[in-house]
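In case you want the letters, here they are:
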Amino acid sequence: MSRYRYGVIDYVGDAVGLRGREEWTLTVAEDGTRTLRAHCRMWDSGIERDVVHTVSPAFRPMRTFIGHRMAGEFLGEGWFVMGDALLESHLLLREEGRVSQRIDLAAPPPFFVPHAVCCDSWIVPSYDLAAGGRQDLVGGFRSSPRPNGATGPYAEEMTGIAAALVGEETVTVPAGTFPTWHFLLTSDGGAEEHLWTTRDGDWLMVRLRSDRLSSTYHLAELREE
């Protein structure tokens, strides 16, 4: 049977306090394939999101489902499949109706960002820890260009994203105290985010700080089976 973990992430705004919450489960199959399932709610913007995101043992994205609602109304949903040379999606969007994508790939994408916060930490397994320093993360995709993911979903390549390892840090959040990797992520014309992930092999999101969104996201609960 798969190994199972359950977590909660709180979205905390600098001015408004708790502005959203995300519940997630992680299953790790015997072959190392991992699946994150997340339900995300942003009370200040009315966005609600369901995500099922599966990666290979090397954390390369394989397939993803995303469904969006805003202010209680359907916004869009889609299924994405990523192979070595092709990314395909089948989408149902409120404005455009049924849409399909076929994107030829030069190489398997190292990450896919479906805008569940728990999945953001799966950007950095493609980072070369041994090399260190600032590294451009190329060939990855995202489901929306907006920081809160409130469009589409629709696959587009991420450009101009880089990561730098700040160091190893022990971080305390409401869920407990964790040994972490601390990364500085730079994207979208210089916007910076600080990301702390577990060092236990699952690369779980422990804390994420976004000045652009004036918010901190932290692990509020973690249970294991």
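Residues numbered from 1 in each chain as written. Predicted model: local features only at pLDDT ≥ 70, side-chain atom pairs only at ≥ 80, totals over all residues. Heavy atoms only, no water.

(A) Broad picture of the nonpolar core. Ranked by size, the top nonpolar core spans 54 residues in total, and within it I9, W24, F80 and C118 carry the most contacts. Other than its neighbours up to four places away in sequence, I9 contacts G20, R21, E22, W24, V117, C118, M205, Y217, H218, L219 and A220. (Core = buried A, V, L, I, M, F, W, Y, C linked by side-chain atoms within 4.5 Å. Buried < 20%, exposed > 50% of the residue type's maximum accessible area, 1.4 Å probe, protein only. Contact = heavy atoms within 4.5 Å.)

(B) How the structure looks around empty space enclosed by the protein. If you walk through the whole model with that rule in mind, you get one cavity of 30 Å³ or more. Taken together, 26 residues form the lining of the largest cavity, with H115, D120, P147, E193 and R212 sitting closest to its centre. When contributions to the lining of the largest cavity are tallied by element, the ones reaching two or more residues are helix 1 (117-120), strand 14 (176-187), strand 15 (191-198) and strand 16 (205-210). (1 Å grid on protein atoms, 1.4 Å probe; cavity = no way out; pocket = protein on both sides within 12 Å on 5 of 7 lines; lining within 4 Å. Points joined across faces, edges and corners; volume = space filled by probe spheres on them. Helix = DSSP H or I, 4+ residues; strand = E, 2+ residues; numbered from the N terminus.)

(C) Seen up close, the sheet that holds strand 12 (residues 156-157). As summarised here, the arrangement of the three strands in space is 9-11-12, forming an open sheet in which the pairing is mixed. The open sheet is flanked by strand 9 (112-113) and strand 12, the only strands paired with a single partner. Sheet topology note: the strand 11 (residues 141-142)/strand 12 ladder contains two bridges and is antiparallel. From the neighbouring strand, F141 faces strand 12, where its bridge partner is E157. (Pairing = 2+ DSSP bridges.)

(D) Quick peek at the packing of aromatic side chains. According to the stated counting rule, one finds five aromatic pairs in the structure shown. Look at Y127 and F183: their rings are 5.3 Å apart centre to centre, the planes differ by 80°, and that puts the pair in the edge-to-face class. Of this pair, Y127 sits in the loop between helix 1 and strand 10 (134-136) while F183 sits in strand 14, placing them 56 residues apart in sequence. Among the residues examined, Y127 registers a relative accessible area of 4% and is labelled buried. Across from the ring centre of W181, 5.1 Å away, lies the NZ or CZ of R199, which sits over that ring. The side chain of R207 reaches across the aromatic face of W196, ending 5.3 Å from its centre. (Phe/Tyr/Trp six-rings, centres within 6.5 Å; stacked < 30°, edge-to-face > 60°. Lys NZ or Arg CZ within 6 Å of the ring centre and 35° of its normal.)

(E) Region of interest: the environment of G83. Tracing the sequence through the fold places G83 in the loop between strand 6 (73-82) and strand 7 (86-93). What makes G83 partly exposed here is its relative accessible area of 30%. Expressed as a C-alpha distance, the spacing of G83 and E23, which sit 60 residues apart in the sequence, is 28 Å. In this structure, G83 is in contact with L105, P108 and P109, ignoring residues within four places of it in sequence.

(F) Expanded view of the side chain of T54. Summarising the element assignment, T54 is placed in strand 4 (residues 47-55). Those residues in contact with T54 that lie beyond four places of it in its chain are T33, R34, T35, R60, P61, M62 and R63.

(G) View of the pattern of salt bridges. With the rule as written, the count across this model stands at 17 salt bridges. R3 is paired through a salt bridge with D202; the nearest N and O atoms lie 2.9 Å apart. In this pair, R3 is assigned in strand 1 (residues 3-13) and D202 in the loop between strand 15 and strand 16, connecting sequence segments 199 residues apart. Residue R3 is classed as partly exposed on the basis of its relative accessible area, which comes to 34%. For D202, a relative accessible area of 1% gives the class buried. Several salt bridges share partner residues, and in doing so they unite R3, R5, R34, D200, D202 and E224 into one network. (Salt bridge = Lys/Arg side-chain N within 4 Å of Asp/Glu carboxyl O.)

(H) Molecular detail of the pairing of strand 2 (residues 17-28). Note: strand 1 against strand 2, eleven bridges, orientation antiparallel. When the sheet's bridge partners are listed, V12 is paired in strand 2 with L18. The antiparallel hairpin formed by strand 1 and strand 2 contains three residues in its connecting segment. Across nine bridges, strand 2 lies against strand 3 (residues 34-42) in antiparallel orientation. Counterpart to L26 in the pairing with strand 3 is L36. Taken together, strand 2 and the strand that follows it, strand 3, pair antiparallel across an intervening segment of five residues, in which G32 is found at a positive phi of about 95°.

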